[in-house]
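Observations on chain architecture
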Amino acid sequence: MRDALVCAQEVTSKLTTAIDANGKMAKQVYTSRENATLIITQAFEQLHQTIEERKNKLLSEMEAISLSKTTALTLQKEQLMKMQDEIGHYTEMTSHILQTHTDHEMVALGDLLPTELKATLKKVENASLTPNQSSDIHVSLLQIDSLIKQLSIFGHVMDSPPSPSQSTWSSECVAKVKERYCVNVESMTSKGELYPYGGPQVKAELSHDGAVVPGEVEDHGDGTYTITLTPQTAGPHQLLITMDGQHIQNSPCDLDVGTKYSTLCNPEQVIKCSGGPCSIAIHDSGDIYVACWGDHSIHVFDQAGQQKRTIGSRGSGHCQFYLPCGLFIKGDVMYVADFFNHRIQKLTTGGQFLQTFGQRGTGQGQFQYPVSVIVDQRDRLIVSDSGNHRVVILDQAGTWLLTINGNVPGSHGFQFPYGVALDPQGNIHVAAWVSNTIKVFTPEGTYVRSYEEVKVPSGIVIDEGYSLVTEYHGHCLSIFDSQGHKVHTVGNLNGPRGVTLDPKSGSVYVANTCANTVLKYSV
């Protein structure tokens, strides 16, 4: 009887292994029916061999014991032989399925096999065993019962396997360079239903000019997937999504990867600012400072666009201006390019006078119609001295450090420099008003390159390698990539001049000069 119990437990173990193998195959079967069915066949064959070995051992034992015990052992032998016959039936059914390859036969394995296995296992449970033995077998059967439930998945897989050609993808975001682009994939069956299990090997990639960006795939285990890609360059790309090596619906497809600013279109906010707004700067508090050349003052607005106060008036004294064109704020210090007073004024953002640089002239320490001023990482002042066709660099004491001369023959020259900006490397970008170009120089003033496609460029600001340039005669805001290629344009402006960024929100502010408005664009 002990041997019979051991045999029954071994049979149970083998059945468990076979059924567990079937459960695991739910995630493999769509890739290779032949391979999946072969695994089942081998499991049953191994089970068949184990029972054969136990039966032969039992026969040997029967020959060696007294006749009084023969009847009980014979009963155990008959039970084993009957189970062996039933397992043989399962093996034949599986072999038949291997040959037919029809959906109906494959479904039969998932629908019929669990029922028949339950019946066989019920016979084992009802065998003449001692109470302790019966308890052990019952525990094993409970474990197998949960595995049989998994086996039912096998039939569903065979009935409606995932179909790459029916599977779809969608995206809720716009592809932008160096930003995460998420794609949602749904694994669908040939019947057009969501395949409710994970498993298919999903891959994705973006390609552009021979460069490939692989996607990170998250399998949610319910037939849906999330793919994350991060394009490194702007421009036309090709998106490829495959499932088990086959393209899903609408793959491959063309995907335009835009810049950070490719969605700029209509302004989020329009701030009315009479007097010809020319330049803008954002204070750390969020207040918006606007230099207005028409009324010779600095207007201060809050984030809601309500004017808080006005700094300055027409004149040549301290805190007075005569057509202020350029404005730059660093901390609580404000620098103003005072056009017709031929000087740079340094004030607090509260309007208190601190210092004046320059006077009219052509020599060092002199300006003619300065239109723009910024402060670089070294705390140097960089000034567009438009009337002298040059860019000059001074220290905070007003000492003349460097001159970038625009009166140079060839590509190095420029006339009437307007806006100036710094890129991440500290290079100086100069908007050449008359030359219709942007000139780039090193921090030491060495010419690097130019980029064009602009009509009277005025304001310029640089963010993450992208240059935002206002075109006064083009009546637009243009965005250039780090190579100087125009990648996006925002139109419907009216003689725009200054442009700046809110360092906290990233919003873009444009001085729409001829319309007497300041426009805010959210990124």
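Residues numbered from 1 in each chain as written. Predicted model: local features only at pLDDT ≥ 70, side-chain atom pairs only at ≥ 80, totals over all residues. Heavy atoms only, no water.

All told, the structure shown has zero disulfides when counted by the stated rule. For the unlinked cysteine Cys292, the closest cysteine sulfur is that of Cys273, found at 3.2 Å. Residue class for Cys292 comes out buried when judged on its relative accessible area of 0%. (Disulfide = S-S within 2.5 Å. Buried < 20%, exposed > 50% of the residue type's maximum accessible area, 1.4 Å probe, protein only.)

This part covers the packing of aromatic side chains. Under the definition given, this model contains ten aromatic pairs. Taking the centre distance of 5.1 Å and the plane angle of 35 degrees together, the rings of Phe339 and Tyr369 count as tilted. Here Phe339, found in the loop between β16 (333-338) and β17 (343-348), pairs with Tyr369, found in the loop between β18 (353-357) and β19 (370-375); they are 30 residues apart in sequence, far enough to count as distant. In this structure Phe339 comes out as buried when scored by relative accessible area, which is 16%. With relative accessibility at 24%, the residue Tyr369 sits in the partly exposed group. Three or more aromatic residues joined by ring pairs form one cluster here, namely Tyr322, Phe339, Phe340 and Tyr369. Over the face of the ring belonging to Tyr472 we find Arg497, whose NZ or CZ atom lies 4.4 Å from the ring centre. (Phe/Tyr/Trp six-rings, centres within 6.5 Å; stacked < 30°, edge-to-face > 60°. Helix = DSSP H or I, 4+ residues; strand = E, 2+ residues; numbered from the N terminus. Lys NZ or Arg CZ within 6 Å of the ring centre and 35° of its normal.)

What follows deals with the sheet that holds β19. Taken together, the four strands give an open sheet; going across it, the order is β19-β20-β21-β22, and neighbouring strands pair in antiparallel fashion. Each of the sheet's edge strands pairs with one partner strand only, and the pair in question is β19 and β22 (400-405). Ignoring which end each strand starts from, the neighbouring axes of this sheet average 20 degrees apart. (Pairing = 2+ DSSP bridges. Axes fitted to C-alpha atoms, helices over the stretch in contact; angles between N-to-C directions.)

So, about the confidence of the model for the protein chain. Of the residues in the protein chain, 68% have a pLDDT of 70 or more, and the chain-wide mean is 79. By mean pLDDT, helix α5 (residues 131-159) is the weakest element of the protein chain at 43, and β16 is the strongest at 98. Segment residues 21-33 is flagged for pLDDT under 50; beyond a separation of four residues in sequence, or across chains, it makes 34 contacts in the model. Scored below 50 in pLDDT, residues 128-158 makes 64 contacts in the model with residues more than four places away or belonging to other chains. (pLDDT = per-residue confidence, 0-100. Contact = heavy atoms within 4.5 Å.)

The subject of this paragraph is the nonpolar core. Ranked by size, the top nonpolar core spans 34 residues in total, and within it Ile241, Leu477 and Val508 carry the most contacts. Setting aside chain neighbours within four positions, we find Ile241 in contact with Trp169, Val183, Val185, Val202, Lys203, Ala204, Ile227, Gln246, His247, Ile248 and Ser251. (Core = buried A, V, L, I, M, F, W, Y, C linked by side-chain atoms within 4.5 Å.)

The next thing to look at is the side chain of His208. Structurally, His208 is set in strand β3 (residues 202-208). A polar atom in the side chain of His208 sits 3.3 Å from the side chain of Asp209. Sequence-distant contacts of His208, that is, excluding residues within four places in its chain, are made with Thr233, Ala234, Gly235, Pro236 and His237. (Polar contact = N/O pair within 3.5 Å; in protein donor to acceptor, adjacent residues only side chain to side chain.)

This part covers the pattern of salt bridges. Applying the stated rule across the entire model yields seven salt bridges. Asp287 is the partner of Lys308 in a salt bridge, and the nearest nitrogen-oxygen pair spans 2.9 Å. With Lys308 in strand β14 (residues 307-311) and Asp287 in the loop between β11 (277-282) and β12 (288-292), this pair connects stretches of sequence that are 21 residues apart. We classify Lys308 as partly exposed; its relative accessible area is 45%. Judged by relative accessible area, which is 11%, Asp287 ranks as buried. A salt bridge links Arg378 to Glu444; the nearest nitrogen and oxygen atoms lie 2.9 Å apart. (Salt bridge = Lys/Arg side-chain N within 4 Å of Asp/Glu carboxyl O.)

A separate point is the sheet that holds strand β31 (residues 499-501). The four strands are arranged β10-β33-β32-β31 in an open sheet whose pairing can be described as antiparallel. Both outer strands of the open sheet, β10 (269-272) and β31, are each paired with one neighbouring strand and no more. Geometrically, the sheet is characterised by an average inter-axis angle of 20 degrees between neighbouring strands, direction not taken into account.

With that settled, the discussion passes to the pairing of strand β21 (residues 390-394). By the criterion of burial, β21 is predominantly enclosed, with five of the five residues buried. As judged from the five bridges shared by strand β20 (residues 381-385) and β21, these two strands associate in the antiparallel manner. Its bridge partner being in β21, Ser384 is matched across the sheet by Val391. What sits between the antiparallel neighbours β20 and β21 is a turn of four residues, in which His389 has the positive phi angle 50 degrees. The sheet contact formed by β21 and β22 spans five bridges and is antiparallel. Residue pairing across strands places Val392 opposite Thr403, the latter belonging to β22.

What follows is about the environment of Arg309. Looking at the secondary structure, you find Arg309 in strand β14. Arg309 gets classed as partly exposed once you look at its relative accessible area, which sits at 31%. Separated by ten residues in sequence, Arg309 and His299 place their C-alpha atoms 6.3 Å apart. With residues near it in sequence (within four places) discarded, Arg309 still touches Tyr289, Ile298, His299, Val300, Thr349 and Gly350. At 3.2 Å, the side chain of Arg309 forms a polar contact with the backbone oxygen of Thr349.

To continue, consider unusual backbone geometry. The step from Ser251 to Pro252 runs through a cis peptide bond, and the omega angle for that step is 0 degrees. Its location among the elements puts Pro252 in the loop between β8 (246-247) and β9 (253-257). Positive phi values are uncommon outside glycine, yet His342 reaches one of about 55 degrees. Mapping His342 onto the fold places it in the loop between β16 and β17. Look at Glu464: it is not a glycine, yet its phi comes out positive at around 50 degrees. Structurally, the position occupied by Glu464 is in the loop between β27 (457-463) and β28 (466-471). Take Glu464: its relative accessible area is 58%, and that puts it in the exposed class.

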